[in-house]
Amino acid sequence: MSEILWNEALRVFPGGVNSPVRASVKPYPFYVSRAEGAYLYTEEGRRLIDYVLGYGPLFLGHANSFVKERVIQQLEKGWLYGTPSRAELELANHIIRSITSIEMIRFVNSGTEATMTAIRLARGFTKREKILKFIGCYHGAHDYALISPGSAAVDVKTSGIPSSVIDTVALCHFNDIECVERTLKKEDIAGVIVEPVMGNMGVILPDPEFLKSLREFTLTYNSVLIFDEVITGFRLGLGGAQDVYKLRADLTTLGKIIGGGLPIGAVGGKREIMEMLSPAGNVFNAGTFNANPLSMVAGSASLEFLEREKPYSIADKAAKEVYEELDRITVKHVINRINSMMQIFFGIDSVRNADDARKANKGVYMKLQVELLKRGIFLPPSQFETIFTSVAHDDTVINESIDVIRIAKRELE
Ligand SMILES: Cc1ncc(COP(=O)(O)O)c(C=O)c1O
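These numbers come from a predicted model, not from an experiment.

A. Main features of the sheet that holds strand E11 (residues 333-338). Read from one edge of the open sheet, three strands run E11-E12-E14, paired in antiparallel fashion. The outermost strands of the open sheet, each flanked by one partner alone, are E11 and strand E14 (387-388). Sheet topology note: the E11/strand E12 (residues 341-346) ladder contains six bridges and is antiparallel. Pairing of Val 334 across the sheet is with Phe 345, part of E12. Helix H11 (residues 312-326) rests against E11, E12 and E14 of the sheet, and its axis sits at about 175 degrees to E11.

B. Focus on the site of the ligand. Taken together, Ser 110, Gly 111, Thr 112, Tyr 138, His 139, Gly 140, Glu 195, Asn 200, Asp 228, Val 230, Ile 231 and Lys 256 make up all the residues around the ligand. One of the side-chain N or O atoms of Asn 200 is found 3.0 Å from an oxygen atom in the ligand. Here a nitrogen atom of the ligand sits 2.6 Å away from a polar atom, N or O, in the side chain of Asp 228. Within the complex, 83% of the 390 Å² of free accessible area of the ligand lies under protein. Residues of the shell around the ligand, tallied by class, amount to three nonpolar, six polar and three charged.

C. Looking closely at the sheet that holds strand E8 (residues 224-228). The mixed open sheet is built from seven strands, whose spatial order is E4-E10-E9-E8-E7-E5-E6. For this open sheet the edge positions go to strand E4 (104-108) and strand E6 (169-172), each flanked by a neighbour on one side alone. Direction aside, neighbouring strands of the sheet carry axes that sit 20 degrees apart on average. Two strands pair when backbone bridges link them, and E8 and strand E9 (residues 251-255) are joined in this way by three bridges, in the parallel orientation. Paired with Asp 228 across the two strands is Thr 253, which belongs to E9. The strands touched by helix H6 (residues 177-186) are strand E5 (130-134), E6 and strand E7 (189-194); relative to E6, the strand with the most contacts, the crossing angle is about 155 degrees.

D. Broad picture of the packing of aromatic side chains. According to the stated counting rule, one finds seven aromatic pairs in the structure shown. Their ring planes at 55 degrees and their centres at 6.4 Å tell us that Tyr 39 and Tyr 41 sit as a pair that is tilted. Each member of the pair, Tyr 39 as well as Tyr 41, is classed as buried. Where Phe 174 meets Phe 210, the ring centres are 5.1 Å apart and the plane angle is 65 degrees; that geometry is what we call edge-to-face. Here Phe 174, found in the loop between E6 and H6, pairs with Phe 210, found in helix H7 (residues 210-220); they are 36 residues apart in sequence, far enough to count as distant. A relative accessible area of 1% means that Phe 174 is categorised as buried. When its relative accessible area of 3% is taken as the criterion, Phe 210 is described as buried. Each member of the aromatic cluster is reached from another via a ring pair, and the members are Phe 134, Phe 174 and Phe 210. Against the face of Tyr 144 rests Arg 123, its NZ or CZ located 4.1 Å from the ring centre. One cation-aromatic arrangement involves Arg 337 over Tyr 323; the distance from NZ or CZ to the ring centre is 5.7 Å.

Calculation notes
- Residues numbered from 1 in each chain as written.
- Predicted model: local features only at pLDDT ≥ 70, side-chain atom pairs only at ≥ 80, totals over all residues.
- Heavy atoms only, no water.
- Pairing = 2+ DSSP bridges.
- Helix = DSSP H or I, 4+ residues; strand = E, 2+ residues; numbered from the N terminus.
- Contact = heavy atoms within 4.5 Å.
- Axes fitted to C-alpha atoms, helices over the stretch in contact; angles between N-to-C directions.
- Near = heavy atom within 4 Å.
- Polar contact = N/O pair within 3.5 Å; in protein donor to acceptor, adjacent residues only side chain to side chain.
- Areas by Shrake-Rupley, 256 points an atom, 1.4 Å probe, with all protein chains shown as cover.
- Nonpolar A, V, L, I, M, F, W, Y, C, P; charged D, E, K, R; others polar.
- Phe/Tyr/Trp six-rings, centres within 6.5 Å; stacked < 30°, edge-to-face > 60°.
- Buried < 20%, exposed > 50% of the residue type's maximum accessible area, 1.4 Å probe, protein only.
- Lys NZ or Arg CZ within 6 Å of the ring centre and 35° of its normal.

As structure tokens, this is what we get:
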């Protein structure tokens, strides 16, 4: 069935898909008919244990009943008003309570819009043009974010992006603080945007001093520090990476988990910067679907659940147990993990930046992905994505996963 649908899709969608990484599942993507908890069910009736989780948003697992109930209640009341609703205040309050650097927030519809708006805000606030980003960090699919990106765009030539845009983006390697200092000293940098934990070249962790120095240097050079927490927000804990590393960004971009699986993005931060946004200020942002009630209630329900149940230990334990089993693979490898996100790199000792990640043996990773998929486990179909666990990855799911990994890994050895 998936093959038939795929052939039809190849006729109507460029490359057969609506987001590039989905075409990386070989020989063709499986089509999903429904999902629940840690499981995806394919059109063929196969049940797969999902370690992709919509590329991060589904921290509570698929079709969480608490979130579902709230969405259904909202559907009864209409789903787009074009004017404010109580739901947007509820979600804002959850976020402001948890991430202390966020004093004001603007909801948009994707992480892409969030980083685009944050970068514009940094420019508007500082009256400077250039931004600094890190090679391999992925901040979405707008022009400024697509200079040396990670994720599915990692090998894409930036066709369609004007050279004038490219000239406004300075680049450094993640964990290279000397480069950051040099660049901030030499150029007028409006803002530095970073994934505090990289999740789009596989997982890459910051050196202990890197983020701290980034905070200090951006203060010294009056540059806006933007933490892109689209992945890490509410995944590493209620306070995201900023709580883990005990730092406060000037602006934070969010997405994924804060929408409970519905489309969302947000930019939040210091009041004096946020008040530059239209209509309070003259940095423009708008959106027909900004703060739409369905995304707001799905997000509020998710964050309410997380605040009440604090189920982080479940997802983290699941990731630790999968990590331990993967780590028994005898082919040379390294696994980078923090809490419920990780990635394995073969043929290499350590991965500290995008260049290291590129040196990993992608062939062995893809072989692992294929062998696991044959046996009922869905790992990201790219070296440059993150393996995620969720609150729905309970002991039954993990024990089954470990048995499958044990068998599949023999194919690599
Ligand atoms: C760190 C980060 N920022 C921004 C984005 C873009 O988010 P979206 O796909 O919702 O536009 C992503 C998407 O994966 C991401 O991982």
